[in-house]
Amino acid sequence: MITATNLSKIYGGTKVLNIDHLDIPAGQSFGLVGNNGAGKTTFFSLLLDLIQPSSGNIFNNEITVSESEEWKPFTASFIDESFLIGYLTPEEYFYFVGELRGANKADIDNFLSNFEDFFHGEILGRRKYLRDLSKGNQKKVGIIAALIGNPKVVILDEPFANLDPTTQIRLKKIIKELTENKETTVLISSHDLIHVTEVCERIVVLDKGELVKDINTSEATLNELENYFSREVGATHPEEL
Amino acid sequence: MFKRFLWLEWKSFFRSASVGKNIGLKVLLIFLALYFSVAFLVLGIGLYPLLRETFPDKDPLQMVNRLVLLWVVFDLGFRFMMQSLPVLDIKPLLNLPIARRKAVNFVLIKSMYSFFNFLPLFIIIPFGIFCIYKADYGTWNLIAWMMTMIAITQCVNFLNFIIKKKFTDNLKALIPAILILIVFAVLEYFEIFEASLWFGKMMNFLVINPYLTIVPLILVFALYKWNQLNLTSKFYLDAGLKEKQKDANTHDFVWTKKFGTLAPFLQQDLKLIWRNKRPKTTIYMSLILLGYGMFFYPNDAYQEFEAFYVFVGIFMTGIFMINFGQFVPSWDASYYPMIMSQNIPMKDYLASKALLISISVVILAILTTPYIYFGWNILLINMVAALYNIGVNVPILLYAGSFNKKKIDLDKSPFMNYQGTGATQWLVSIPLMVVPVFIFWLFDFFIGFEAAIIGLAAFGVIGLLFRANLMDYIVGAYRKRKHAMINGFKQTGE
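These notes cover the structure that comes with them. (Residues numbered from 1 in each chain as written. Chains lettered and ligands numbered in written order. Predicted model: local features only at pLDDT ≥ 70, side-chain atom pairs only at ≥ 80, totals over all residues.)

**With respect to the overall build of chain A**
Alright, step 1. Regarding its fold elements, chain A presents eight helices and 10 strands.
Alright, step 2. The C-alpha radius of gyration of chain A comes to 18 Å, within 12% of the 18 Å expected for a compact globule of 241 residues.
Alright, step 3. Across its three principal axes, chain A shows a C-alpha extent of roughly 55 × 40 × 35 Å.
Alright, step 4. Across chain A, the fraction of contacts at a sequence separation of at least 24, relative to all contacts at a separation of at least 6, is 67%. (Helix = DSSP H or I, 4+ residues; strand = E, 2+ residues; numbered from the N terminus. Rg over C-alpha atoms; globule rule 2.2 N^0.38 Å. Contact = placed C-beta atoms within 7 Å.)

Below, the structure written as structure tokens:
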């Protein structure tokens, strides 16, 4: 579904991302982990054509994202609060996104009814603008809006951050359900190794822009990741190896 | 501490996303400032001999004193439109060990050094010196007079600060003030109660009793304190929150459905305008400035030069276009990455902006029809100007928008936030108005009025005929600049 070749991004002489080849098949739940500055958000921004690659290309369903807009109809994402329109109420925002994705008001109402416990009564019918919601509640809106209209590719940057424990557990359930039938490709980045190993069938570790680990999730994965990240403190960096 | 604030402002200017544009406009502003300085200086030096010669039996100082009130009103109006108040982004300062009062004092004291406060000096000082040497008043009396005039200028400065704040918070608060002003103007006009005469007499009295200069000085101090209290009390993060407690307005603009695929975007833009103070103000401004024609149409002097009416027409029918259009796409800056990654074709996005602006031009054109009272030619010119606006100026503004990469903070309370409402905003709109005036004048001068009307209309029609091609070109420009825009919009601050 998604292929990156020779992909690199350079800011002021520093390579912040450098991926020779990465192939994410359709229907995979894909997790991206790495410390701050590892290039996770850079990778997602490149995938959404929000920044330009310094070299290489990224293909979404065989469409070069930097050259065509054709990937937009089947790709949905939530990166940060700049994906929310502050002066709309959550309902209006959902309806707006719905209209962009060919879902009418009734479809959206129907769709939203599935997420009532996720919203925990704090989102719908509160007559509040998005800008007046707390960071966590804003995040809930953004994540759910990214699921509207059955997109084939869903990109969520740090979806678990800022959420309360109950909501984190519910979100994990939602993501698992989403990937159950292997039709939606889900890309998630996270700092939380436990969450990401629970919901993703494949985990890629980035370090300073380089792909250092590519793991198919198993029982041992969490341990492996924990070892990697605790070892790394004193260990040599991958580019010096 | 002041040095640090200045250092911050310096950095924010040179590190802002649009530093090139800022410098260009600053250079232009400096030239304008020089021009006005020289003009005022010439007036200041020539004023005394001129008055002496024209009205030999009257005392020049007393005549000038009579005009002071008028000057104050004019100055206030002018500043209200043009003067950008010094901005200081407060949020990062709140948790630092900086006394509230110091930051507020910095903003206020910086405003005292505004160019608008220096300009009157070019008249006051030469005229005062002339009076010392030529008239029979004592030196101290005139020094007191000069001090008073400077104090009055500073009063206007701080008064403007207060009014501007009140205005951006709540437009309706301004209505009683305007009504009072109109009442006084009418009374003055019919010579029932001449406020300017009484003000002049007060000034004359002050010249004879120079110690009274203390009164305007106290007034300056009082206004300063008022501003200080006003600003200090709002120097909190939640100062803007109080009114946000209101229920969200959920009006849907269902009628936009008629516009098919553009409907969601149009709805979006209307909500943007109605729910955010900054764009909402542009609507009020458009309605108020519809009265602009009243300054020109009743005056026969302009009937001779009809090309000037084109300027008025372009301005009145296009004021929303200018105020809103030149900040496309910055209005959407805070969620531009979403617009760019959602299922929104760039073409539809821009087409909906063009449609919205065109609708505004049509509405404003309809609202100007009562000016037919001043003649058919005026109606015709306004309609043609509207056509020109839709056909030519809308694409120009949208194209210019592709160079925008500066964010507009919609969410921010208007407290100390006057982004783009200064003189610079008006300068950008000059070519939009000068070109049609020139086209009209050319046709009018060489052929005649009808030809000029048809000529200007033709430009509008040609623009409309090629709208699709123009839009394709503009879409290309936006695509090319997309990444620069996203990056620029991420930057915060002035």
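**Notes on the interface of chain B and chain A**
Alright, step 1. Across the boundary between the two partners, chain B contributes 24 residues, which contact 28 residues of chain A.
Alright, step 2. Broken down by secondary-structure element, the contributors of at least two residues to the side of chain B that touches chain A are α11 (263-275), α15 (336-341) and α21 (467-490) of chain B.
Alright, step 3. Here the side of chain B that touches chain A takes five residues from α11(B), the largest share from any one element.
Alright, step 4. A per-class count over the side of chain B that touches chain A returns 11 nonpolar, eight polar and five charged. (Nonpolar A, V, L, I, M, F, W, Y, C, P; charged D, E, K, R; others polar.)

**A short note on helix α17 (residues 376-401) of chain B**
Alright, step 1. Taking 1.5 Å of rise per residue, the 26 residues of α17(B) would be expected to cover 38 Å, and the 35 Å separating its terminal C-alpha atoms lies within 8% of that figure.
Alright, step 2. At B:Asn393, α17(B) is deflected by roughly 40°, the largest bend along its length, and proline B:Pro395 occurs up to four residues later in sequence. (Expected span 1.5 Å × (residues − 1). Bend = angle between axes of the 7 residues up to and from the residue.)

**Description of unusual backbone geometry**
Alright, step 1. The omega angle of the peptide bond from B:Val328 to B:Pro329 is 0°, so this bond is cis rather than trans.
Alright, step 2. With respect to the secondary-structure elements, B:Pro329 resides in the loop between α14 (307-325) and α15.
Alright, step 3. Unlike most non-glycine residues, A:Glu62 shows phi in positive territory, near 70°.
Alright, step 4. By the secondary structure assignment, A:Glu62 is in the loop between β4 (55-60) and β5 (63-64).
Alright, step 5. Taking the number of C-beta atoms within 10 Å as the measure of exposure, A:Glu62 has 10 and is therefore exposed.
Alright, step 6. Located in the positive-phi region is A:Lys208, a residue other than glycine, with phi close to 45°. (Buried ≥ 20, exposed ≤ 12 C-beta atoms within 10 Å, placed from the backbone.)

**Re the pairing of strand β2 (residues 14-24) of chain A**
Residues and elements named next belong to chain A.
Alright, step 1. Inspection of the sheet shows strand β1 (residues 2-11) paired to β2 by nine bridges, in the antiparallel sense. What sits directly across from Leu7, in β2, is Ile19.
Alright, step 2. What sits between the antiparallel neighbours β1 and β2 is a turn of two residues, in which Gly12 has the positive phi angle 50°. (Pairing = 2+ DSSP bridges.)

**Topic: the packing of helix α19 (residues 430-446) of chain B against helix α20 (residues 449-465) of chain B**
Residue and element names in this part refer to chain B.
Alright, step 1. Running from N to C, α19 and α20 point in directions that differ by 145°, and their axes come no closer than 7 Å. Like other packed secondary-structure pairs, α19 and α20 cross with a definite hand, here right-handed. Between α19 and α20, the contacting residues are Pro436, Ile439, Phe440, Phe443 and Asp444 on the first element and Phe449, Ala451, Ala452, Gly455, Leu456 and Phe459 on the second.
Alright, step 2. Considered class by class, the residues forming the contact of α19 with α20 number nine nonpolar, one polar and one charged. (Axes fitted to C-alpha atoms, helices over the stretch in contact; angles between N-to-C directions. Left-handed = near helix turned anticlockwise from the far one by under 90°.)

**Describing the packing of helix α2 (residues 90-100) of chain A against helix α3 (residues 105-112) of chain A**
Residues and elements named next belong to chain A.
Alright, step 1. Look at α2 against α3: their axes get within 9 Å of each other, and the N-to-C directions meet at 120°. Between α2 and α3, the interaxial angle falls into the category oblique. The chirality of how α2 crosses α3 is right-handed. On α3, the residues that touch Phe94, Tyr95 and Gly98 of α2 are Lys105, Asp107, Ile108 and Leu112.
Alright, step 2. Here the contact of α2 with α3 is composed, by residue class, of four nonpolar, one polar and two charged. (Parallel < 35°, antiparallel > 145°, perpendicular 65-115°, else oblique.)

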